[in-house]
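If you want the building blocks of each chain, they are given just below.
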Amino acid sequence: MKATDVVEYALADFNSNKFKTLMSSLGIIIGVMAIVAMMSISDGVFSGVSAEFGDLDLNQIILLPQSLEDQSGGMGMSYGIAQTSKPPARFTDRDIQTILSTPGVVEVNPKIEAYGTVSYLSENRSLSIQGISPQNEKKLAATLDKGRFLSPSDRYSVVIGSKIANGTFPKNIRTGSTLTIYNQMTGKSQDYTVVGILKESNGSIVTGNPNSYIYMTQAGISGFATQDYYDIIYITCESPDRVDEIAAAVKENLAKTHRNEAFDFVTMKSFSQAITAIFDYIKYLLGGIAGISLVVGGIGIMNVMLLTVKERTKEIGLMKAVGATTANVRNLFLIESMSLGFISGLIGLALAFVVMLIVSSVIGMNMGVSLTNAAIGIAFGCLATTIAGVYPASQAAKLDPIEALRTE
């Protein structure tokens, strides 16, 4: 028998038993649909979360005045409260120069994090304030919507995020408005002029939400606070490939002056890799759970194929009597199985597209089916049906033609 004859014969059997074919393939259809949909939803969520993280600079190191090991459990945790073995480091301009002198460091951007009670038109709100170096904030300056950005010489001028300007107070804030910032800890207050308003933009889990910050120069912080050290320092390296090497060198240099103080590093490269690894794990875990449907569907197809062998015993005997070999019969049933898996996979893939359209419209996030996920779904569908068809095909091939022809 020619290969084309075997395929034609297999498809003819599907057409003559449409209901049986549909029922036997239902498990595979559902399984493929579930695998593709689950993996696509995972990819969509990852894309959405990545957008919330913002653009991560893989050549960036974040220096924190605390030990991450103490904050993550173990000996540093006691009754739910983080206990550090060393006091947090207090980084000053001297440390900035030390970092800048480290080979491979391109830029250092220290920041002061503060909080204060902000008064505008007799309304008070507790807001986050960030003391920045304007010359190092090119990305932030690029999101300016109204007014101007800060200059290094500004002392009592501020730039505010879009959420601060629109919605935080009963009346929207405009450029030229005056904000009074009061610090309850120090009892100091200072008036600041709004010189710029930023566009609404995505922040990141690292830099925070730029829409909810008040930005001023580090000198301006002294108007209401007495803090003279940096809370967080962003270090830009010359290459993402040298991030770990440079971080180790910076740590060694700072340890000379902060030997008994706690500090640690976070690299954007390792952070990005960790996030990707977590979502890959979730993606394939969901796909594996959905794959249970394929196993169930494969068992169903095996049962149907075994019944088919019994129903077609006489037909198989006739085929062998007119010259069909054992291999021909085996291939016939295997091709029937594979074809059923492929066709069921295509139907399941079509249903997965429909499911993703519904999910996208419900949650308001653009989710699609990637070519990789589609290929994985169809491949698993074909694999499940092929494996399920091996035993029935072997049983059919072993039938004795004389005994098969005697069957009524």
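Within the UniProt record for the protein, the comment given under Sequence similarities (unreviewed entry) is "Belongs to the ABC-4 integral membrane protein family." Quoted verbatim from the Subcellular location (unreviewed entry) field of the UniProt record, the comment on the protein reads "Cell membrane".

(A) Geometry of the overall build of the protein. Looking only at helices and strands, one finds 12 helices and 12 strands in the protein. A burial count over the protein gives 43% of its 408 residues as buried. Of the contacts made within the protein by residues no fewer than 6 positions apart, 79% connect residues no fewer than 24 positions apart. Put simply, the protein shows about 21300 Å² of open surface, and 59% of that area lies on carbon and sulfur atoms.

(B) Highlighting the UniProt feature "transmembrane region" (unreviewed entry) in the protein. Mapped onto the present numbering, the UniProt feature "transmembrane region" (unreviewed entry) falls on residues 21-41, 284-309, 340-363 and 369-391. Counting secondary structure, residues 340-363 comes out at 100% helix and 0% strand; the distance between its end C-alpha atoms is 34 Å.

(C) Spotlight on the side chain of Ser-133. Residue position: Ser-133 is located in the loop between β5 (123-132) and α5 (138-141). Residue Ser-133 is classed as buried on the basis of its relative accessible area, which comes to 9%. Aside from chain neighbours lying at most four places away, what touches Ser-133 is Asn-109, Pro-110 and Gln-218.

(D) Molecular detail of the packing of aromatic side chains. According to the stated counting rule, one finds 6 aromatic pairs in the structure shown. A ring pair is formed by Phe-91 and Phe-263, whose centres lie 6.0 Å apart and whose planes are at 75 degrees; its orientation type is edge-to-face. Residue Phe-91 is found in the loop between β3 (81-82) and α4 (93-100), and its partner Phe-263 is found in the loop between α7 (243-255) and β12 (264-267); the two are separated by 172 residues along the sequence. Using a relative accessible area of 0% as the deciding quantity, one classes Phe-91 as buried. For Phe-263, a relative accessible area of 11% gives the class buried.

(E) Examining the environment of Val-45 more closely. Assignment of secondary structure puts Val-45 in helix α2 (residues 18-53). It is 8.5 Å that separates the C-alpha atoms of Val-45 and Met-365, two residues lying 320 residues apart in sequence. The contacts of Val-45, once residues within four sequence positions are left out, are Phe-279, Met-365 and Met-367.

(F) Inspection of a nonpolar patch on the surface at higher detail. A cluster of nonpolar side chains, Ile-278, Tyr-281, Ile-282, Leu-285, Ile-289, Ile-292 and Val-296, forms an exposed patch at the surface whose accessible area comes to about 690 Å². For Val-296, the location among the structural elements is in helix α8 (residues 268-311). The exposure class assigned to Val-296 is exposed, which follows from its relative accessible area of 55%.

(G) Expanded view of the pattern of salt bridges. Tallied over the full model, the rule gives 5 salt bridges. Linking Arg-125 and Glu-123 is a salt bridge whose minimum nitrogen-to-oxygen distance equals 3.5 Å. Judged by relative accessible area, which is 27%, Arg-125 ranks as partly exposed. In this structure Glu-123 comes out as partly exposed when scored by relative accessible area, which is 32%. Arg-242 is the salt-bridge partner of Glu-245, the closest N and O atoms lying 2.9 Å from each other. Owing to a relative accessible area of 23%, Arg-242 belongs among the partly exposed residues under this scheme. Where salt bridges share partners, they join Glu-238, Arg-242 and Glu-245 into one cluster.

(H) Structural context of helix α10 (residues 326-363). For α10, built from 38 residues, the straight-helix expectation of 56 Å at 1.5 Å per residue is met to within 8% by its first-to-last C-alpha distance of 55 Å. Positive backbone phi, approximately 70 degrees, marks Gly-364, located one or two places after α10.

(I) Seen up close, α4. Residues of α4 that are buried include every one of Asp-95, Ile-96 and Ile-99, and no others. Taken end-on, α4 shows its buried residues confined to a sector of 105 degrees, consistent with a single buried face. Away from the buried face of α4 by more than 90 degrees, exposed residues Arg-94 and Gln-97 are located. Buried residues along α4 sit in contact with β1 (60-64), β4 (105-120), β11 (232-237) and α7.

(J) A look at the confidence of the model for the protein. Taken residue by residue, the protein gives an average pLDDT of 80. The fraction at 70 or more is 79%. Note on residues 71-83: pLDDT is under 50 here. Beyond four places in sequence and across chains, it has 13 contacts.

(K) Spatial organisation of the side chain of Ser-344. One can find Ser-344 in helix α10. With residues up to four places along the chain from it excluded, the contact list for Ser-344 reads Ser-25, Ile-28 and Ile-29.

(L) Molecular detail of the packing of α4 against α7. Remark: α4 packs on α7, axes separated minimally by 9 Å, with the N-to-C direction vectors making an angle of 140 degrees. Judged by the angle between their axes, α4 and α7 are oblique. The handedness of the crossing between α4 and α7 comes out as right-handed. Contact residues: Asp-95, Thr-98 and Ile-99 in α4; Val-250, Asn-253 and Leu-254 in α7. When grouped by side-chain class, the residues that make up the contact of α4 with α7 number 3 nonpolar, 2 polar and 1 charged.

Criteria and cut-off values
Residues numbered from 1 in each chain as written. Predicted model: local features only at pLDDT ≥ 70, side-chain atom pairs only at ≥ 80, totals over all residues. Heavy atoms only, no water. UniProt positions renumbered as here; feature names shortened; annotations may be inferred. Helix = DSSP H or I, 4+ residues; strand = E, 2+ residues; numbered from the N terminus. Buried < 20%, exposed > 50% of the residue type's maximum accessible area, 1.4 Å probe, protein only. Contact = heavy atoms within 4.5 Å. Areas by Shrake-Rupley, 256 points an atom, 1.4 Å probe, with all protein chains shown as cover. Phe/Tyr/Trp six-rings, centres within 6.5 Å; stacked < 30°, edge-to-face > 60°. Patch = residues over 30% accessible without salt bridge, like charges linked within 9 Å, V, L, I, M, F, W, Y side chains within 5 Å. Salt bridge = Lys/Arg side-chain N within 4 Å of Asp/Glu carboxyl O. Expected span 1.5 Å × (residues − 1). Arc of directions from axis to C-beta. pLDDT = per-residue confidence, 0-100. Axes fitted to C-alpha atoms, helices over the stretch in contact; angles between N-to-C directions. Parallel < 35°, antiparallel > 145°, perpendicular 65-115°, else oblique. Left-handed = near helix turned anticlockwise from the far one by under 90°. Nonpolar A, V, L, I, M, F, W, Y, C, P; charged D, E, K, R; others polar.

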